[in-house]
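The chain contents come next:
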Amino acid sequence: MDASTEANTLFSPLSLNFALGMLGNAAEEEYNIEFDKYFGVPIEEYNDYLAQYMANAQPTNSTTSIEIANGVWVNEGYTLKEEYANIVRNSYAAEVVSKAFSTELIAEINEWCSEKTHDMIPVVLGEPPMSSVLLINALYFEGKWENGYEEDQVSDVEFTTSNGDTISVEGMYDTE
């Protein structure tokens, strides 16, 4: 699904935190205070936390799968500071790629994202970006409810969309 379509878009809080962590490491000193406030700890500690999270985010059963992937693409002609590249490689297990931003690269990035999300997100970019660096996180999760919902726990409910329209959708409910 291309994020520019009218379909529902879901942003994972975990993915956003990985992306913000990678961005926070690139921020000028004056902005580090704001990132530190958001993270609740200095960026160095946050890097360690996310590295540990990735190392320990393995499911405890065979019916659940979690995969986290990070990537940094740099437009040819621009150079990342080596310290930053090392941080994102070591703390975020990020792939760091320097290549001309072109339609061929967009196809490669879309293929990367499709592979990392097991074809759940086949298209993440539609055209070459107007920036010199791309930070991308891909998160794949497949799992089953510990206590599944039965058919009698699903019914139509009213849902208000972001533009204020009310529509009927299937909703799950429980009394636990």
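Residues numbered from 1 in each chain as written. Predicted model: local features only at pLDDT ≥ 70, side-chain atom pairs only at ≥ 80, totals over all residues. Heavy atoms only, no water.

Before going further, it helps to examine the overall build of the protein. A count of helices and strands for the protein gives five helices and five strands. Along the longest, intermediate and shortest principal axes, the C-alpha atoms of the protein span 60 × 35 × 35 Å. Burial analysis of the protein (176 residues in total) assigns 28% to the buried set. The long-range share in the protein, meaning contacts at least 24 apart out of those at least 6 apart in sequence, stands at 55%. With an accessible surface of roughly 12,200 Å², the protein has 51% of that area assigned to carbon and sulfur atoms. Counting 6 positive and 32 negative side-chain charges, the protein places the averaged centre of each group 11 Å from the other. (Helix = DSSP H or I, 4+ residues; strand = E, 2+ residues; numbered from the N terminus. Buried < 20%, exposed > 50% of the residue type's maximum accessible area, 1.4 Å probe, protein only. Contact = heavy atoms within 4.5 Å. Areas by Shrake-Rupley, 256 points an atom, 1.4 Å probe, with all protein chains shown as cover. Lys, Arg positive; Asp, Glu negative; His and termini not counted. Charge placed at Lys NZ, Arg CZ, Asp CG, Glu CD.)

Let's shift gears to the environment of Tyr-49. Relative to the helices and strands, Tyr-49 is located in helix 3 (residues 43–56). You can call Tyr-49 partly exposed: its relative accessible area is 48%. Each C-alpha atom of the pair Tyr-49 and Ser-91 lies 8.6 Å from the other, and the pair is 42 residues apart in sequence.

With that out of the way, let us pick up unusual backbone geometry. Most peptide bonds take the trans configuration, and most residues that are not glycine carry a negative phi. Its identity as a non-glycine residue notwithstanding, Ala-93 has a phi of 50 degrees, on the positive side. With respect to the element layout, Ala-93 can be found in the loop between helix 4 (82–92) and strand 2 (95–99). Backbone geometry at Asp-119 places phi at a positive 70 degrees, although glycine is not the residue there. Assignment of secondary structure puts Asp-119 in the loop between helix 5 (103–116) and strand 3 (133–142). The exposure class of Asp-119 is exposed, given its relative accessible area of 57%.

For the rest of this paragraph, the subject is the pattern of salt bridges. All chains considered together, the criterion is met by four salt bridges. Between Lys-37 and Glu-34 there is a salt bridge, and its shortest N-O distance comes to 3.5 Å. One end of the pair is Lys-37 and the other is Glu-34, both in helix 2 (residues 29–39) and three residues apart, which spans about a single turn. Classification of Lys-37 by relative accessible area gives exposed; the value is 59%. Owing to a relative accessible area of 47%, Glu-34 belongs among the partly exposed residues under this scheme. The salt bridge involving Lys-99 is made with Glu-108; its shortest N-O contact spans 2.8 Å. Classification of Lys-99 by relative accessible area gives partly exposed; the value is 32%. (Salt bridge = Lys/Arg side-chain N within 4 Å of Asp/Glu carboxyl O.)

In this model, the second largest pocket occupies a volume close to 430 Å³. Lining the second largest pocket we find 16 residues, and of these Asn-25, Ala-26, Ala-27, Lys-81 and Tyr-84 sit closest to its centre. (1 Å grid on protein atoms, 1.4 Å probe; cavity = no way out; pocket = protein on both sides within 12 Å on 5 of 7 lines; lining within 4 Å. Points joined across faces, edges and corners; volume = space filled by probe spheres on them.)

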